[in-house]
Number of protein chains: 2
Amino acid sequence: MRIAIAGIGHTSFGKSTATISELLFEASTQAITDAHTTIDAVDAVYISNFSSRFSNQCHLPSVFASLWKTNKEIIRVESACASGAAAIKEAVIAIESGLYKTVLVVGVEKMTATPTEIATEILATAGSQEEMKHGATFPSLYALIAQRYLHTFGAKEEHLAMVAVKNHKNALLNPHAHFHKEITLQDALQSPLIAAPLRLFDCSPLSDGAAALLLCAEDIAHQFTATPVFLIGIGHDVDAIELYKRKDLTTMPAVVRAAKKAFIMAERTPKDIDLAELHDCFTIAEILQMEDLGFCEKGQAKIALENGITERGGSLPINVSGGLKAKGHPIGATGISQAVEIVQQLQERAGQRQIKNARLGLCCNIGGTGSSAFVIIFSR
Amino acid sequence: MRIAIAGIGHTSFGKSTATISELLFEASTQAITDAHTTIDAVDAVYISNFSSRFSNQCHLPSVFASLWKTNKEIIRVESACASGAAAIKEAVIAIESGLYKTVLVVGVEKMTATPTEIATEILATAGSQEEMKHGATFPSLYALIAQRYLHTFGAKEEHLAMVAVKNHKNALLNPHAHFHKEITLQDALQSPLIAAPLRLFDCSPLSDGAAALLLCAEDIAHQFTATPVFLIGIGHDVDAIELYKRKDLTTMPAVVRAAKKAFIMAERTPKDIDLAELHDCFTIAEILQMEDLGFCEKGQAKIALENGITERGGSLPINVSGGLKAKGHPIGATGISQAVEIVQQLQERAGQRQIKNARLGLCCNIGGTGSSAFVIIFSR
């Protein structure tokens, strides 16, 4: 059975005065409204949220039940920054089991009310405490990955900066993006050093936001939309949480395996993909994923960047939404936000961001340093 | 399709020097060993854990991957104190979808290393922040429920105490129980007042522990065990997180609805149940569940208690494990621990705790003040 997307919802990403409940409500209302239906048509809900510490709130299933005055079956799932795709996976499985016909997936995180030093501590709970106690927070772990990558493949800091410049430029066209600020290669290369070689513009921000998808069984998709998009492949894989256990820092094995599963299920190859939303929590992550997903040979992402392949006008636009880097990265929402962008593009309603003739799109959502990975392929 | 239990695992509950990783590993090793198999036979894992704040660790899927040197598909689920049953539900759905044949479910919480006042704050994240900001932590919310129940049905504090005395007595026979301490009705009634009418012995403790179940499709159960037990019914329901929104404090509507779903799926009635593990986070909760699950008429639980119906030797033994009250309540493990007890009883390997001729057992796992509820029915 194919799973159809019946509706989508997406709040603004950035610094918001809304509470986590209000964000949840806004995104889910949009998805339900987009499907021209009501909460009564929803059989179950999966909520994606990374850490209860940001908002001092666990038990979001009952928060949602209260918001919507409903007793739909609701469960929260978590797999660090890949929580959003994990929730999509659970919804897909539940529809395929025959238990439900229509499942709402909603992801949320409210991060900006937390002081940055506390936020860094909270983010570090997604990593190995053995590594973190030595001060290895995520910027420094991704810096190690970047160091090794640049060294091994002769790539330069300019290539990292090209990802940031592209994604900031793309975000100018996205009304929901956290940043609407064009930057130059020089801006990126001269921005403050965070953990060498990563600079400020290599890092995604702390954001507030929520995103939602209403999924349904293919046979009832017409009840909700005249232009259904289908989820035709999903791959999930995991790896050890410690970066030091990885034999080769220039690849994320869980991404490679998740992609293989998704492409097999979708009966497609990387060449068939028209556009992709990748998980650029740090610029180096987008580069690794370009290769691990099979869009370039290992070490060749720099050439693709130099040739503008992944720009809006290139042959494989990546992160036309602005990506985590510039659209923002409210953790629990991110995997679902990626899917929302791809669905909008495939339905040709992405406004100024529209990529022409996009028929097949891919999302890659990862957790930690890629130790959780999900790849999802959508087709119109 | 029926779901079979291939293996079970359970650590000691109580104060442990083990880390959360060690607890996860111990319970999962036991379940896999009990099924006479290896991790290679496991297709996927669902991890139940309530709050990352206790152990400073989110992203348990990758922690598990590291512990087991595996790349099985792993996701964490959470629904407050009902997280364990939520993980069982996701495993059942995934097997029914045909995606997996064998799924490990493991729940864990490591609570005793956290100072009690901080633990109380963390537990309060399972409730409405609107209520909690007025100081309404869970003991006081359950106290309101108990006040109303005693007033409405003419029950007495002695009836609450009877639950505590019974569960402490039962725990004497459970080597994994947090407490091995027999108490008298007088002990309970003279214990310090926590939130009237609830006293110390009306409250479950903070515990460390983990529990695991290996579930599989019925057609392969014989590969793992000669005495399979089957999950024949599961019901899930939710309610608003705020207690003040509940029209009648003497019933938990989500429990009533979850039970109805489980009994319909199992094609059984409450009269068919031979023993049950109920969610006695506070003694009043066991009393409400006796009625909400259909074991007694509303307001009649006191008579069942007076007549010893729910004692080990009664016609419907409840919480022969010792319950949350005396076995302990490591939150993420609790729902799975309940299932482990029922499976052991149905397989006639509960040792000194064995209830004769137990053929049908029920678990009720709730979150918050019953705003998440799961009812699961097992048959041998």
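Just so you know, these numbers come straight off a predicted model, no measurement behind them.

*Asks:* Tell me what's going on with the pattern of salt bridges, and back it up with residues and numbers.
*Replies:* Evaluated as defined, the whole model comprises 36 salt bridges over all chains. With a closest N to O distance of 2.8 Å, Glu73 of chain A and Lys261 of chain B form a salt bridge. A residue pair is termed interchain when its members come from two chains, as with Glu73 of chain A in strand 3 (residues 73-78) and Lys261 of chain B in helix 9 (residues 253-266). For Glu73 of chain A, a relative accessible area of 15% corresponds to the buried category. For Lys261 of chain B, a relative accessible area of 29% translates into the label partly exposed. Between Arg2 of chain B and Glu218 of chain B there is a salt bridge; the shortest N-O distance is 2.9 Å. Of the two residues, Arg2 of chain B sits in the segment before strand 1 (3-10) while Glu218 of chain B sits in the loop between strand 7 (208-217) and strand 8 (229-238), which places them 216 residues apart along the sequence. Under the relative-accessibility criterion, Arg2 of chain B is labelled partly exposed at 32%. Looking at Glu218 of chain B, the relative accessible area reads 32%, which means it is partly exposed.

*Asks:* Describe the interface of chain A and chain B, with residues and values.
*Replies:* Contacts between chain A and chain B engage 53 residues on the former and 53 residues on the latter. Buried surface at the junction of chain A and chain B, both sides included, amounts to about 4000 Å², of which 50% is carbon and sulfur. Interface area lost by chain A to chain B is led by His59, Ile75 and Glu78 of chain A, which between them contribute 16%. For the interface between chain A and chain B, the tally reads 39 residue pairs in polar contact (both at pLDDT 80 or more). Looking at the side of chain A that touches chain B, its residues break down into 20 nonpolar, 19 polar and 14 charged.

*Asks:* So what's going on with the relation of the copies chain A and chain B? Residues and values would help.
*Replies:* Of the two same-sequence chains, chain A is brought onto chain B (RMSD 0.0 Å, axial shift 0.0 Å) by a rotation of 180°. Such a combination of turn and shift is consistent with a two-fold rotation axis. If distances are taken from each C-alpha of chain A to the rotation axis, the shortest is found for Ser97 of chain A, at 1.8 Å. Residue by residue, 100% of the interface of chain A is reproduced at the interface of chain B, so both copies engage with the same surface.

*Asks:* Explain the packing of helix 3 (residues 83-96) of chain A against helix 13 (residues 331-346) of chain A residue by residue, including any values.
*Replies:* All names here are of chain A. It is at 5 Å that the axes of helix 3 and helix 13 come closest, and there the two elements cross at 65°. Between helix 3 and helix 13, the residues in contact are Gly84, Ala85 and Ile88 and Gly332, Gly335, Ile336 and Ala339, respectively. Among the residues making up the contact of helix 3 with helix 13, the classes are represented as four nonpolar, three polar and no charged.

*Asks:* Go over helix 1 (residues 20-34) of chain A with me, naming the residues and quoting the values.
*Replies:* Residues and elements named next belong to chain A. In this model helix 1 runs 21 Å from its N-terminal to its C-terminal C-alpha over 15 residues, within 8% of the 21 Å that 1.5 Å per residue would give. The inward-facing, buried residues of helix 1 abut strand 1 (3-10), strand 2 (44-48), helix 2 (60-68), strand 4 (102-110) and strand 7 (208-217). Taken from the residues just after helix 1, His36 is the one with a positive phi, measuring 55°.

*Asks:* How would you explain the pairing of strand 11 (residues 372-379) of chain A if you had to name every residue and give the values?
*Replies:* Residues and elements named next belong to chain A. Along strand 11, eight of the eight residues are buried, which leaves the element largely enclosed by surrounding structure. Here eight bridges tie strand 8 (residues 229-238) to strand 11, and the two strands are oriented antiparallel to one another. The residue bridging Ile234 from the neighbouring strand is Ile376, located in strand 11. The pairing of strand 10 (residues 360-367) with strand 11 spans eight bridges and is classified as antiparallel. Counterpart to Asn365 in the pairing with strand 11 is Phe374. With antiparallel pairing between neighbouring strands as the criterion, strand 10 and strand 11 make up a hairpin whose turn holds four residues, including Gly368 at a positive phi of roughly 60°.

*Asks:* Hey, could you go over the packing of aromatic side chains for me, with residue numbers and the actual values?
*Replies:* For any pair of aromatic rings, geometry is given as the distance between the ring centres together with the angle between the planes. This model, assessed by the stated rule, comprises nine aromatic pairs over all chains. Geometrically, the ring pair formed by Phe25 of chain A and Trp68 of chain A is tilted, given 4.8 Å between the ring centres and 45° between the ring planes. Residue Phe25 of chain A is located in helix 1, and its partner Trp68 of chain A is located in helix 2; the two are separated by 43 residues in the primary sequence. For Phe25 of chain A, a relative accessible area of 33% corresponds to the partly exposed category. Ring centres 6.5 Å apart and planes at 50° place the aromatic pair Phe50 of chain A and Phe54 of chain A in the tilted group. In this structure, Phe50 of chain A and Phe54 of chain A share a single accessibility class: buried. The structure contains a cluster of three or more aromatic residues connected by ring pairs, namely Phe25, Phe64 and Trp68 of chain A. The ring of Phe230 of chain B carries the charged tip of Arg2 of chain B above its face, separated from the ring centre by 3.9 Å.

*Asks:* So what's going on with unusual backbone geometry? Residues and values would help.
*Replies:* Residue Pro197 of chain A is bonded to the preceding Ala196 of chain A through a cis peptide linkage, with omega at 5°. Relative to the helices and strands, Pro197 of chain A is located in the loop between strand 5 (193-195) and strand 6 (198-199). Positive phi is not limited to glycine here, since Glu348 of chain B has a value of about 55°. Its place among the elements puts Glu348 of chain B in the loop between helix 13 (331-346) and strand 10 (360-367).

*Asks:* Explain the pairing of strand 2 of chain A to me, using residue names and the numbers behind them.
*Replies:* All names here are of chain A. The buried fraction of strand 2 amounts to five of the five residues, a majority that puts the element mostly inside the structure. In strand 2, alternate side chains face the same way, and those of Ala44, Tyr46 and Ser48 on one face and Val45 and Ile47 on the other are all buried. Sheet topology note: the strand 2/strand 3 ladder contains five bridges and is parallel. Note that in strand 3 the partner of Ser48 across the bridge is Val77. In this fold, the crossover linking strand 2 to strand 3 by way of helix 2 has right-handed handedness. Two elements, strand 2 and strand 4, share five bridges in a ladder whose sense is parallel. Within the sheet, the bridge partner assigned to Tyr46 lies in strand 4 and is Val105.

Conventions and cut-offs
- Residues numbered from 1 in each chain as written.
- Chains lettered and ligands numbered in written order.
- Predicted model: local features only at pLDDT ≥ 70, side-chain atom pairs only at ≥ 80, totals over all residues.
- Heavy atoms only, no water.
- Salt bridge = Lys/Arg side-chain N within 4 Å of Asp/Glu carboxyl O.
- Helix = DSSP H or I, 4+ residues; strand = E, 2+ residues; numbered from the N terminus.
- Buried < 20%, exposed > 50% of the residue type's maximum accessible area, 1.4 Å probe, protein only.
- Contact = heavy atoms within 4.5 Å.
- Buried area = accessible area lost by both parts, 1.4 Å probe.
- Polar contact = N/O pair within 3.5 Å; in protein donor to acceptor, adjacent residues only side chain to side chain.
- Nonpolar A, V, L, I, M, F, W, Y, C, P; charged D, E, K, R; others polar.
- Least-squares fit on C-alpha atoms with pLDDT ≥ 70 in both.
- Axes fitted to C-alpha atoms, helices over the stretch in contact; angles between N-to-C directions.
- Expected span 1.5 Å × (residues − 1).
- Pairing = 2+ DSSP bridges.
- Phe/Tyr/Trp six-rings, centres within 6.5 Å; stacked < 30°, edge-to-face > 60°.
- Lys NZ or Arg CZ within 6 Å of the ring centre and 35° of its normal.
- Right-handed = clockwise from strand over helix to strand, strands pointing away.

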